[in-house]
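# Close look at the chain arrangement
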Protein chains: 4
Amino acid sequence: MIVHLNPQATAAQAEQIANQVRALYFHDGSRYVLVTGTKDNSLEGVDPALIDQHWLFDNDIQLASRSYIDHIREVRISDDLVIGGTTGHTMMITGPCSVESEEQIEVCAQLCVEQGVKMLRAGAYKPRTSPYSFQGMGLDGLKLLAKMRDKYGLKVITEVRDATHVEDVIEHTDVIQIGAKAMYDQGILRRCATAGKPVLLKRGFGSTLQEFVQAAEFLLSGGNSNVVLCERGIRTFETKTRFTLDLCGVAYLKQHTNLPVILDPSHAMGYAYGVADLARACTAMGVDGLLIESHPNPKVAKSDASQQLDHPQFRALMASLHPIAAAVGRTMI
Amino acid sequence: MIVHLNPQATAAQAEQIANQVRALYFHDGSRYVLVTGTKDNSLEGVDPALIDQHWLFDNDIQLASRSYIDHIREVRISDDLVIGGTTGHTMMITGPCSVESEEQIEVCAQLCVEQGVKMLRAGAYKPRTSPYSFQGMGLDGLKLLAKMRDKYGLKVITEVRDATHVEDVIEHTDVIQIGAKAMYDQGILRRCATAGKPVLLKRGFGSTLQEFVQAAEFLLSGGNSNVVLCERGIRTFETKTRFTLDLCGVAYLKQHTNLPVILDPSHAMGYAYGVADLARACTAMGVDGLLIESHPNPKVAKSDASQQLDHPQFRALMASLHPIAAAVGRTMI
Amino acid sequence: MIVHLNPQATAAQAEQIANQVRALYFHDGSRYVLVTGTKDNSLEGVDPALIDQHWLFDNDIQLASRSYIDHIREVRISDDLVIGGTTGHTMMITGPCSVESEEQIEVCAQLCVEQGVKMLRAGAYKPRTSPYSFQGMGLDGLKLLAKMRDKYGLKVITEVRDATHVEDVIEHTDVIQIGAKAMYDQGILRRCATAGKPVLLKRGFGSTLQEFVQAAEFLLSGGNSNVVLCERGIRTFETKTRFTLDLCGVAYLKQHTNLPVILDPSHAMGYAYGVADLARACTAMGVDGLLIESHPNPKVAKSDASQQLDHPQFRALMASLHPIAAAVGRTMI
Amino acid sequence: MIVHLNPQATAAQAEQIANQVRALYFHDGSRYVLVTGTKDNSLEGVDPALIDQHWLFDNDIQLASRSYIDHIREVRISDDLVIGGTTGHTMMITGPCSVESEEQIEVCAQLCVEQGVKMLRAGAYKPRTSPYSFQGMGLDGLKLLAKMRDKYGLKVITEVRDATHVEDVIEHTDVIQIGAKAMYDQGILRRCATAGKPVLLKRGFGSTLQEFVQAAEFLLSGGNSNVVLCERGIRTFETKTRFTLDLCGVAYLKQHTNLPVILDPSHAMGYAYGVADLARACTAMGVDGLLIESHPNPKVAKSDASQQLDHPQFRALMASLHPIAAAVGRTMI
């Protein structure tokens, strides 16, 4: 159950009611909002004068639900970079899998500027499954990303792999990416809920849509309304491709949730050859953004070498996306 | 191994060599073609004068492979209905899940004519998983489809569910659809290989891409080169949607095989609300066709009621697909 | 809905009522039994004097349900070979993947005799996914199996791959195996329903438990009550093993259905090294039988070479199974 | 590559060589051990006198591999509680899903004492997928577990959900459980590698066996050799049961790794009715332990109510396991 308190209700009153009805609560800018589990759907004993409106749900997709907000939320990354809502924006995000050196990331930043891409991505803390693989440049990588932001006027996004560096990521990025392998991490989710920055939440590759949106509820119920969902492929029996991009799931999310959706075809496919086709498919679905791995020289990349586009391939992709976006009434930014 | 015999080689010589090297063989219009398993990659003892060319493979995707034919094959349904090759055609196929009555199927045929759709689909033998569900009109349904073909100048396609009616389907349809549940059926595959009609082969929802293309090899090695692959969703852990449309797999098929690919988003999604978005995604990928279930009144449909578009929805979908096809350099027919 | 007619009801009356309430019907030895789909749960207009008892269901697992028969059915293969019911029998079935020659299958038959195994298995029609692989000896293989039965007093079981040879299999075997790839084939299911022989129905590797039991309903509602379910591994994301043996599913089947369950760890594992451990696990679950592939010389086997036990391994396995069966109150036969 | 340095090699020498060949390293009690990624399989430039022995691998399963240690490692929880090695022990671990109160956990501890079970389990930090569900008693729950240990002489195990409480768990438990959702968390893995306590690592339900064992490599290469693997079910398309217990995978782990394996049928099944059958199956496979959820009154449990055995069911289960363990030459402790 979601409960909108009267705008005049105080913090003390909100806390008291939340304890009484076993709810989480936060201030959404204009009022306190309470959310209970489905078992605790009762307002018995609460002063009706303090309550403006309430919504009942039969499962724990609540704040993200279309039954609560019947449109896609607007997510503001900065005053001039907004997605969702009525913007019709499909935002391109690109860059290499990992920051490898200043020279490398600067060439990537320059590609963004050249192509009108406003957000640069790259990993500093890589969630590798083997302890014997390259694990990322860490804080040095973060600082290089921040340097590119300052030098080229780009926004940057990078992934939180685990809790050891969550504060560093929050400090240095414009959008915090919670990776697929950290999607269930309540410590990270709760910290990012109060970080004051937009969050891009990736779906775990073994996670149901229900669980995925419930993870977003940790962020929303902690008071962060700038949440973007990212589908990046699920694990299936098919092994010719790295994962299986779940566009049926994206259709579900667009229909049933109020959160913008960004697609990551690079990780889903795992091979550069299919990325452009999939990116075109995603664009035609009218999604809110794309995350495409590109690298000045994929052959020497320290991670995910097989799936990154080289820069000529990326330019060709961008050229092909604009008319598709236009055909579905959207603008590629 | 694929072996092209000299065009002068006779049937008797082809048979003799095939026995000698343990190969399947067929005449492709200009010559005999032999195909062996990977264990039997030897031409020892065969008169070299009879051999024009040969190709070696490390797995049993051979005739469908890009290493054999390095472009998408042209599939001719009729003289004026061709897909694949250099046509740039994306062919729409629509109609109800099942033929239910003459009135119903005629309204569907009229929708095709109105929308410039050249091929009508509908099931006569339904592969239901329960014996207690509607199993289709059978031969009467087939005859109604044939009647629509004659009256409206449409091509028709319907599914072979099992071997009991394969001859009837071959007789009455323009394109034989081998359903997902029959994909492994060698009896049906071998019969359709010599049926003299194009075949649309659906991927089993539990079948790997390797197995899917190998099923096509049964058709190709039996002498039928008019084979179209159809992706219709695979079974994964996600249950909010009926299946998961595998567009990563489609990217793989486009890259590695020489067969046209048609997409069936209706069965993948299982809900009408997502079909249009998915159809737009498929079109932007540059596929060779779409199979969309539509029904004059889905609410009363005897099968798959939830996933069929009504006719106004179908018209809106078609209007949205033409500009996307144009944006990727193709024509929706 | 299942309806038991009064034992005095005639065939004509049964047919008339079945038409009226849209039911399938069969004679179970003592009376006519009708089964309708869940949408047709009405006996309106039927003479109550003709009806003994009826059961309502909310899904199409009906004749196989514990709500209908609250114990495991007894399945009689012959007068002296019975499983299920109160027998406490766990029946071993073994033999090679394929009949390859008379010498080979005779050694296998002798192993059965030596080990007290009463049923010999081997494939004559192999459901290979590639047209370029060994497809089995066909009718010659069937006849060799029948010869072993006559010579050694064994029962034999072999698989129907597709409809082209269903009559031959019915004629020559004691138990008809419907393979995983044919599980949805209504033509085969309906034919085997009236074949007068027990059927072992394998679960499709992409099939849900619901669909699996519904396939059994085709057999049961056609009048064949001698149906055994066989779990043989489902396809998952894990590829270190060939399939994933679904013992949670077996627990479900034991709880919710009235059919005996036989396990096939050989196909699930795909590697001989794990088969014995899995066979021991299945035995401890109290299943009704095991299907274990064994071969006199697996290295030269024409199909499934990696997963067949050699004969010393099989003997060691049998020795280890008897005490486990005893520990759970069963007898290995 | 694993490298055993000469026992005389000093810490400084180990560090210097590790930097040179890009290796992780640790002291295993008798010597320094270095491990490199497969790309860095070179000892060029290293003084051969410092090297005792080395092993090459083609993938990143190294310290856990049977090629390195060709038997199951012994894991010592305390001097009188040892599994693996030549002990033949199958260790039962039981207790409720969550600590709910002192009264509740004390009844559970008494059940352990009564049944000869040496290790008590219960969750204090629950990894719920919804923010609106019961999240566990936290530190208070940990302290209650520790109290039971002191009062009843039991060992206790509880799960680390995320990094916010990893120190508390390390302090209060005898065995640290890394939950399925934290399996990829390098921060937690690295911290537990140096915690000086045994670790039970649960397989992520979307994780391959390769990834699972690689996660164990984080622990092993950090110097913790007391690592136990726990299979608890993977996510598949089947939804009648909560997950699918992967016993084929267990057969793989027993064959290819040197780590003890414990099974958790409760989470795999999700329903109490199947747990006993599955526990018997696991025991017959000869695994090193079982994790069974039991609760004095499952109906009122605050989490996982459906899958917990009540205490009479647990007693019956234990009684049935001893003879099965004996039948496979093991002892249930």
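Whatever comes next refers back to the structure up there.
Residues numbered from 1 in each chain as written. Chains lettered and ligands numbered in written order. Predicted model: local features only at pLDDT ≥ 70, side-chain atom pairs only at ≥ 80, totals over all residues. Heavy atoms only, no water.

## Describing the pattern of salt bridges
Scanning the entire structure with this criterion turns up 84 salt bridges over all chains. Note that A:Arg315 and A:Glu114 form a salt bridge whose closest N and O atoms lie 2.5 Å from each other. Taken as a pair, A:Arg315 in helix α10 (residues 311-327) and A:Glu114 in helix α2 (residues 102-115) lie far apart in primary sequence, 201 residues in all. C:Glu167 is paired through a salt bridge with C:Arg191; the nearest N and O atoms lie 2.6 Å apart. Of this pair, C:Glu167 sits in helix α4 (residues 166-172) while C:Arg191 sits in helix α5 (residues 186-193); the two residues are 24 residues apart in sequence, bridging distant segments of the chain. Given a relative accessible area of 26%, C:Arg191 falls into the partly exposed group. One connected set of salt bridges, linked through shared partners, spans A:Arg203, A:Glu231, A:Asp246 and B:Glu238. (Salt bridge = Lys/Arg side-chain N within 4 Å of Asp/Glu carboxyl O. Helix = DSSP H or I, 4+ residues; strand = E, 2+ residues; numbered from the N terminus. Buried < 20%, exposed > 50% of the residue type's maximum accessible area, 1.4 Å probe, protein only.)

## Points about the relation of the copies chain C and chain A
When chain C is fitted to chain A, the residual RMSD is 0.0 Å, and the transformation amounts to a turn of 180 degrees plus an axial shift of 0.0 Å. Accordingly, the operation relating the two chain copies is best matched by a two-fold axis. Judged by C-alpha distance, C:Phe237 is the residue of chain C that lies nearest the rotation axis, at 2.1 Å. A high fraction, 100%, of the interface residues of chain C reappear at the interface in chain A, so the copies pair face to face through one surface. (Least-squares fit on C-alpha atoms with pLDDT ≥ 70 in both. Contact = heavy atoms within 4.5 Å.)

## A closer look at unusual backbone geometry
Even without glycine at this site, C:Asp304 takes up a positive phi of about 50 degrees. Note that C:Asp304 resides in the loop between β14 (289-293) and α10 (311-327).

## Concerning the environment of A:His71
All names here are of chain A. Secondary-structure assignment places His71 in the loop between β4 (51-55) and β5 (74-78). The class of His71 is partly exposed, set by a relative accessible area of 46%. Among all residues touching His71, those that are not within four sequence positions of it are Arg66 and Asn258.

## Concerning empty space enclosed by the protein
Taken as a whole and judged by the stated rule, the model has 14 cavities of 30 Å³ or more. Computed from the structure, the largest cavity encloses a volume of approximately 160 Å³. Every residue lining the largest cavity is counted, 15 residues in all, and those nearest its centre are B:Tyr184, B:Phe205, C:Tyr184, C:Phe205 and C:Gly206. Here the residues of the lining of the largest cavity sort into seven nonpolar, six polar and two charged. (1 Å grid on protein atoms, 1.4 Å probe; cavity = no way out; pocket = protein on both sides within 12 Å on 5 of 7 lines; lining within 4 Å. Points joined across faces, edges and corners; volume = space filled by probe spheres on them. Nonpolar A, V, L, I, M, F, W, Y, C, P; charged D, E, K, R; others polar.)

## Regarding the sheet that holds β4(A)
All names here are of chain A. Pairing within the open sheet is antiparallel, and its four strands lie in the order β2-β3-β1-β4. The strands lining the two open edges of the sheet, one partner per strand, are β2 (23-27) and β4. Strand after strand, the sheet turns through a mean of 20 degrees between neighbouring axes, direction not considered. As paired strands, strand β1 (residues 2-5) and β4 are joined by four bridges and run antiparallel to one another. Looking at the pairing, His4 lines up with Gln53 of β4. Most of the contacts of helix α1 (residues 11-21) go to strand β3 (residues 32-36), to which it runs at about 10 degrees, and overall it touches β1, β2 and β3. (Pairing = 2+ DSSP bridges. Axes fitted to C-alpha atoms, helices over the stretch in contact; angles between N-to-C directions.)

## Section: α10(A)
Side chains of residues three or four places apart in an α-helix project in the same direction, reflecting 3.6 residues per turn. All names here are of chain A. With 17 residues, α10 ought to run about 24 Å at 1.5 Å a step, and its terminal C-alpha atoms sit 25 Å apart, in line with that. His311, Phe314, Leu317, Met318, Ser320, Leu321, Ile324 and Ala325 are the residues of α10 that are buried. Phi turns positive one or two residues past the end of α10, at Gly329, with a value near 75 degrees. (Expected span 1.5 Å × (residues − 1).)

## Details of the interface of chain A and chain B
The interface of chain A with chain B comprises 40 residues on the first partner and 40 residues on the second. When chain A packs against chain B, the two sides together hide about 3,100 Å² of surface, and 71% of this comes from carbon and sulfur. There are four salt bridges connecting chain A and chain B. Close ionic contact of A:Glu238 with B:Arg203 constitutes a salt bridge, the shortest N to O distance being 2.9 Å. Counting every contact that joins chain A to chain B gives nine residue pairs in polar contact (both at pLDDT 80 or more). Elements represented by at least two residues in the side of chain A that touches chain B include exactly α6 (209-221), α7 (247-256), α8 (265-269), α9 (272-284) and α10 of chain A. (Buried area = accessible area lost by both parts, 1.4 Å probe. Polar contact = N/O pair within 3.5 Å; in protein donor to acceptor, adjacent residues only side chain to side chain.)

## What to know about the interface of chain C and chain A
The partner chain A presents four residues to the four residues of chain C that form the contact. Of the roughly 310 Å² buried between chain C and chain A, counting both surfaces, carbon and sulfur atoms make up 82%. At the junction of chain C with chain A, the criterion picks out zero residue pairs in polar contact (both at pLDDT 80 or more). Split into classes, the residues belonging to the side of chain C that touches chain A amount to one nonpolar, two polar and one charged.

## As for the relation of the copies chain A and chain B
The two copies are related by a screw operation: chain A maps onto chain B through 180 degrees of rotation and 0.0 Å of translation along the axis, at an RMSD of 0.0 Å. Both copies present the same face, since 100% of the interface residues in chain A are matched by interface residues at the equivalent positions in chain B.

## As for the packing of helix α2 (residues 102-115) of chain D against helix α10 (residues 311-327) of chain D
Pairs of packed helices are described in terms of their axes, by the angle between the two and the distance that separates them. Residue and element names in this part refer to chain D. Contact pair α2 / α10: the axes reach a minimum separation of 11 Å and the direction vectors enclose 20 degrees. Relative to α10, the element α2 lies roughly parallel. The handedness of the crossing between α2 and α10 comes out as right-handed. Within the contact between the two elements, α2 uses Val107, Cys108, Leu111, Glu114 and Gln115 and α10 uses His311, Phe314, Arg315 and Met318. (Parallel < 35°, antiparallel > 145°, perpendicular 65-115°, else oblique. Left-handed = near helix turned anticlockwise from the far one by under 90°.)

## Regarding the pairing of strand β12 (residues 227-231) of chain B
Residues and elements named next belong to chain B. Of all five residues in β12, five are buried, a share of seventy percent or more. Going residue by residue along β12, you find Val227, Leu229 and Glu231 tucked away on one face and Val228 and Cys230 tucked away on the opposite face as well. In this structure, strand β11 (residues 199-202) lies alongside β12, joined through four bridges in parallel fashion. Looking at β12, one finds that Leu201 is bridged to Leu229. The parallel pair β11 and β12 is bridged by helix α6 (residues 209-220), and the resulting crossover is right-handed. Bridge count for β12 against strand β13 (residues 261-263) is three bridges, and the pairing is parallel. By the bridge assignment for β13, Leu229 is matched with Val261. (Right-handed = clockwise from strand over helix to strand, strands pointing away.)

## Overview of the packing of aromatic side chains
Going through the model one piece at a time under the given rule, you end up with 20 aromatic pairs over all chains. Their ring planes at 75 degrees and their centres at 5.8 Å tell us that B:Tyr184 and C:Phe205 sit as a pair that is edge-to-face. Highlighted residues: B:Tyr184 in the loop between β10 (175-178) and α5 (186-193) and C:Phe205 in the loop between β11 (199-202) and α6 (209-221), drawn from two different chains. Under the relative-accessibility criterion, B:Tyr184 is labelled buried at 15%. Through pairs of rings, three or more aromatic residues link up here, namely A:Tyr184, D:Phe205 and D:Phe243. A cation over an aromatic ring shows up here: B:Lys302 above the ring of B:Phe134, its NZ or CZ 5.1 Å from the ring centre. (Phe/Tyr/Trp six-rings, centres within 6.5 Å; stacked < 30°, edge-to-face > 60°. Lys NZ or Arg CZ within 6 Å of the ring centre and 35° of its normal.)

So far we have only geometry, and geometry alone does not tell us how the molecule works.
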